[in-house]
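# Notes for the structure review
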Amino acid sequence: MVTDLLKEKKEAIEKSSQEYGMLDEGTVRLLKKEEKEARTTVYHRLARQEPQCGFGELGVCCRMCYMGPCRIDVFNSGGPQLGVCGATADTIVARNLLRETVGGASSHVEHAMEIAEILRDVAEGKLEAYKIRDTEKLLSVARNLGINTENREISEIALEIAEASLEDLYKLDRKPSRWIEKYSPSSSFKKWSALGIVPTNIWQPIVNAMHRTSMGNDADPVNILLADLRMGIVDGYGLTMATELSDVLFGTPNIIHSYANLATIKEDYVNIAVHGHNPALSEKVLEWAEKLQERARAIGAKGINIIGVCCTGNEVLMRHGIPLAANEMQAELAIVTGALDAMVADFQCIWPILAQVASCYHTKLITTVPYVKIPGAIHIEFSPEKADEVARRIIEIGLEAYQQRNPARVFIPNHPEEVYAGFSVEALLGILKKVDPEDPLKPLIENIANGNIYGIAAIVGCPNPKTRKYLFSERLIKELLKNNVLVIVTGCIAHIAAQAGFMNPRKIDEIGVGEGLKSVLKALGGAAGLPSLPPTIHMGSCVDNSRIGVLLKAVSEKLHVDVSSLPVVASAPELITEKAVSIGTWALALGVTVHVCPPLRVLGGPQVADILTRQLRNITGGELYIECDPEKAAKELIRKIREKRIGLGLRA
């Protein structure tokens, strides 16, 4: 009997894990190759977890203390309505949500802090490996922060920016964080001040969030959700500082041409992937790859081919045109090609399975961050002081591994997809200035007003195996484009959009872009020397969602309207990480409608769900929207844009 049940379960898992839905042929072939050679795929692992815990999905499982874990029966089946301590479903849901947001915000804040420390050391002349590449951006950041630039050396200004940035992390006074005050839209900052949720520093909200959600503290869901909004604002600080200072150190992106998908791995080259989120190491890897090209040719390769994975991939694409090879979920498939010689990782979204998959091939997985180690990987500790030494060693490991490659095990998909990326705010304004040098935002605003651009949707986040095989993101984006909604993408959604051809201007007539939006993209593309701007606008990695925040601030302040009044929506259509939760919380605090799928783990708390999906509209103007049908989600997002247009008196 038990044997039969186990057999049936195994057959169900095998069937579920081998259904690849609407995925493209190259991806399916690599998944089958991985299944055969590495005895695993993401779909096998997901199938073995199903059915996943319903209490966890609804957010009603509490493991904050050792009287539990407790779980609340929200199915009205006679189970417990309170935890051992008396916590309700809403208390548990709110606490869990805040801790998720802390996880995301902490990731972005530490990222920003590390970049600020590099800037400080460069300014003080302590680091020779890096330099300030964009002095214009440096001066812009200084002006934004209210730092005097007159008659001062660049290094002096840079040092004051770095010190002001780091001071926001740990200062003790009660003044608002300078980055948050200066970079937030004035209407949003005013609302946050009235609510009493403006952070005065960064460490205290994080410490407080972990304290208040521990056993025996804050049990009021409303009070906890206010802390959650404050944590979202902290996240916005981390995003903005990381992006702005990275532009100062590594250069502000401009329009750039490249290619996307796993076909960018080259059979005759030494292939090295950069994976993670921090450009500090990948910038040096690019430098040393160039310096050691001759070494690659000496061992029979045509050269060294650096490819980008996840958001480090976005960073090096945006600034250098490095091919955008694989999103977070495809990282293991890059190894499965059998032609990847090394993968170097910094932090965030580095799946532990990579070491197991790499062990089946000649590929060397290299971790570099002291707090991101994976059993089975080579660990070479990176620090800015050792940047050149570490980057050189990584390239040498790739060269050594190339000589172990087995050509018989190589399969690389065909047909890389053409991509145009590099759309920083500065790059967009540069194009718009060619249309109206005196008032560059005017052409954008006029086209929103006349309906050529019906609204703007920021589609961000990750590829989730629960939704990926149904091409959720592609279907959502296509519907929005068809209805003249300008789509901005970041993070691993940018990989998905690139692979689908949504960043190829030459495909603008093929993919059903609405006539109004198409006319704008072609006109602006002409100004930029292209046949068109691409159907979706790639603004960078996940921290670069801050670029969208900077654009929102500029438009809302120019028009003297709240961010919540603008016809702008956001979506994390394949939500995975705590980082996406914290970014979405920041957007809710700004006053933006935020769509997610899979559902945020709040549905087990009726009061929490009602606040986020309905009542928040009267507080910040933002609202949470959950829908796991892409066409229905697009229809509702367009309806919400329509409401905003009517509110502004625009043609709806």
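As the structure is a prediction and not an experimental result, all values here were calculated from the model.

This part covers the overall build of the protein. Across its full length, the protein carries 27 helices and 16 strands. A globule of 652 residues ought to have a C-alpha radius of gyration of about 26 Å, and the protein, at 24 Å, matches this closely. Across its three principal directions, the C-alpha atoms of the protein cover 80 × 65 × 50 Å. The proportion of buried residues among the 652 residues of the protein is 62%. For the protein, the share of sequence-separated contacts (at least 6 apart) that also reach a separation of at least 24 residues comes to 76%. In the structure as shown, the protein presents an accessible area of about 25500 Å², 51% of it carried by carbon and sulfur atoms. Across the protein, the centroid of the 73 positively charged side chains sits 3 Å from that of the 79 negatively charged ones.

Moving on, we come to the packing of aromatic side chains. We describe a pair of aromatic rings using the distance from one ring centre to the other and the angle between the two ring planes. This structure, assessed with the given rule, holds five aromatic pairs. Between tyrosine 130 and phenylalanine 250, the aromatic rings sit 6.1 Å apart at their centres with planes inclined by 70 degrees, giving edge-to-face as the arrangement. Residue tyrosine 130 is found in the loop between helix 5 (89-123) and helix 6 (135-145), and its partner phenylalanine 250 is found in helix 11 (residues 221-250); the two are separated by 120 residues along the sequence. Ring centres 4.8 Å apart and planes at 15 degrees place the aromatic pair tryptophan 179 and tyrosine 183 in the stacked group. Residue tryptophan 179 and its partner tyrosine 183 are located together in helix 8 (residues 178-183), separated by four residues, close to a single helical turn. When the ring centre of tyrosine 269 is taken as origin, the NZ or CZ atom of lysine 266, which lies over that ring, is 4.8 Å away. Seen from the ring of tyrosine 130, lysine 284 lies directly overhead, with NZ or CZ sitting 5.5 Å from the centre.

Between helix 19 (residues 441-449) and helix 24 (residues 545-559), whose axes approach to 11 Å, the crossing angle comes to 75 degrees. Judged by the inter-axis angle, helix 19 sits roughly perpendicular to helix 24. Contacts from Leu441, Leu444 and Ile445 in helix 19 reach Ala554, Val555, Lys558 and Leu559 in helix 24. Taken together, the residues of the contact of helix 19 with helix 24 sort by class into six nonpolar, no polar and one charged.

Applying the stated rule across the entire model yields one disulfide. Note on cysteine connectivity: cysteine 597 is disulfide-linked to cysteine 628, with sulfurs 2.1 Å apart. With the S-S dihedral at roughly 115 degrees, the linkage between cysteine 597 and cysteine 628 falls on the right-handed side. Linking cysteine 597 in the loop between strand 15 (593-596) and helix 26 (606-613) with cysteine 628 in the loop between strand 16 (623-626) and helix 27 (630-647), this pair joins segments that are 31 residues apart in sequence. Classification of cysteine 628 as partly exposed rests on a relative accessible area of 42%. Unpaired in this structure, cysteine 61 has its nearest cysteine sulfur neighbour in cysteine 53, at a distance of 6.0 Å. By relative accessible area, which is 26% here, cysteine 61 ends up partly exposed.

A word on the pattern of salt bridges. In this structure the tally under the stated criterion is 47 salt bridges. We note a salt bridge from arginine 506 to glutamate 418, for which the minimum N-O separation is 3.2 Å. Taken together, the residues span a long stretch of sequence, with arginine 506 in the loop between helix 22 (491-499) and helix 23 (515-527) and glutamate 418 in strand 10 (residues 417-421) at a distance of 88 residues. Between lysine 442 and glutamate 446 there is a salt bridge, and its shortest N-O distance comes to 4.0 Å. One end of the pair, lysine 442, and the other, glutamate 446, are both in helix 19, four residues apart, so they sit about a helical turn from each other. Taken together, the salt bridges that share partners define one network made up of Lys137, Glu244, Asp247, Glu315, Arg319, Glu426, Asp544 and Arg547.

It is worth spelling out the nonpolar core at this point. Note on soluble globular proteins: their nonpolar side chains tend to be buried together. Core analysis: the biggest nonpolar cluster contains 181 residues, and Tyr130, Ile161, Ile304, Ile306 and Ile395 have the highest contact counts within it. The element contributing the most residues to this core is helix 5, with 16 residues. Those residues in contact with tyrosine 130, other than ones at most four positions away along the chain, are Ile118, Val122, Phe250, Ala280, Leu281, Lys284, Phe382, Pro384 and Ala387. Grouped together as the second largest cluster of nonpolar side chains are 45 residues, Ile335, Ala339, Ile374 and Leu471 included.

For helix 11, built from 30 residues, the straight-helix expectation of 44 Å at 1.5 Å per residue is met to within 8% by its first-to-last C-alpha distance of 42 Å. With respect to burial, helix 11 is a largely interior element, 27 of its 30 residues being buried. Capping the start of helix 11 is the job of one residue whose side-chain oxygen sits 2.9 Å from the backbone nitrogen of valine 222: aspartate 220. Just beyond helix 11, the residue with positive phi is glycine 251, at close to 105 degrees.

Of the two faces of strand 15, the one carrying Thr593 and His595 and the one carrying Val594 and Val596 are both buried. Running through helix 25 (residues 578-590), the crossover from strand 14 (residues 568-572) to the neighbouring parallel element strand 15 is right-handed. Relative to strand 16, strand 15 is paired through four bridges, and the arrangement is parallel. Its bridge partner lying in strand 16, histidine 595 is registered against tyrosine 625.

A few words now on the sheet that holds strand 13 (residues 536-540). Taken together, the six strands give an open sheet; going across it, the order is 13-12-11-14-15-16, and neighbouring strands pair in parallel fashion. Edge strands, defined here as strands with exactly one partner in the open sheet, are strand 13 and strand 16. Strand-to-strand twist in this sheet, taken as the mean axis angle between neighbours without regard to direction, amounts to 25 degrees. The sheet contacts of helix 24 involve strand 11 (455-459), strand 12 (485-490), strand 13 and strand 14, and relative to strand 12 the element is tilted by about 140 degrees.

Moving on, we come to the environment of leucine 612. Mapped onto the secondary structure, leucine 612 falls in helix 26. For leucine 612, a relative accessible area of 7% puts it in the buried group. For the pair leucine 612 and valine 602, spaced ten residues apart in the sequence, the C-alpha separation amounts to 8.9 Å.

Criteria and cut-off values
Residues numbered from 1 in each chain as written. Predicted model: local features only at pLDDT ≥ 70, side-chain atom pairs only at ≥ 80, totals over all residues. Heavy atoms only, no water. Helix = DSSP H or I, 4+ residues; strand = E, 2+ residues; numbered from the N terminus. Rg over C-alpha atoms; globule rule 2.2 N^0.38 Å. Buried < 20%, exposed > 50% of the residue type's maximum accessible area, 1.4 Å probe, protein only. Contact = heavy atoms within 4.5 Å. Areas by Shrake-Rupley, 256 points an atom, 1.4 Å probe, with all protein chains shown as cover. Lys, Arg positive; Asp, Glu negative; His and termini not counted. Charge placed at Lys NZ, Arg CZ, Asp CG, Glu CD. Phe/Tyr/Trp six-rings, centres within 6.5 Å; stacked < 30°, edge-to-face > 60°. Lys NZ or Arg CZ within 6 Å of the ring centre and 35° of its normal. Axes fitted to C-alpha atoms, helices over the stretch in contact; angles between N-to-C directions. Parallel < 35°, antiparallel > 145°, perpendicular 65-115°, else oblique. Nonpolar A, V, L, I, M, F, W, Y, C, P; charged D, E, K, R; others polar. Disulfide = S-S within 2.5 Å. Salt bridge = Lys/Arg side-chain N within 4 Å of Asp/Glu carboxyl O. Core = buried A, V, L, I, M, F, W, Y, C linked by side-chain atoms within 4.5 Å. Expected span 1.5 Å × (residues − 1). Polar contact = N/O pair within 3.5 Å; in protein donor to acceptor, adjacent residues only side chain to side chain. Right-handed = clockwise from strand over helix to strand, strands pointing away. Pairing = 2+ DSSP bridges.

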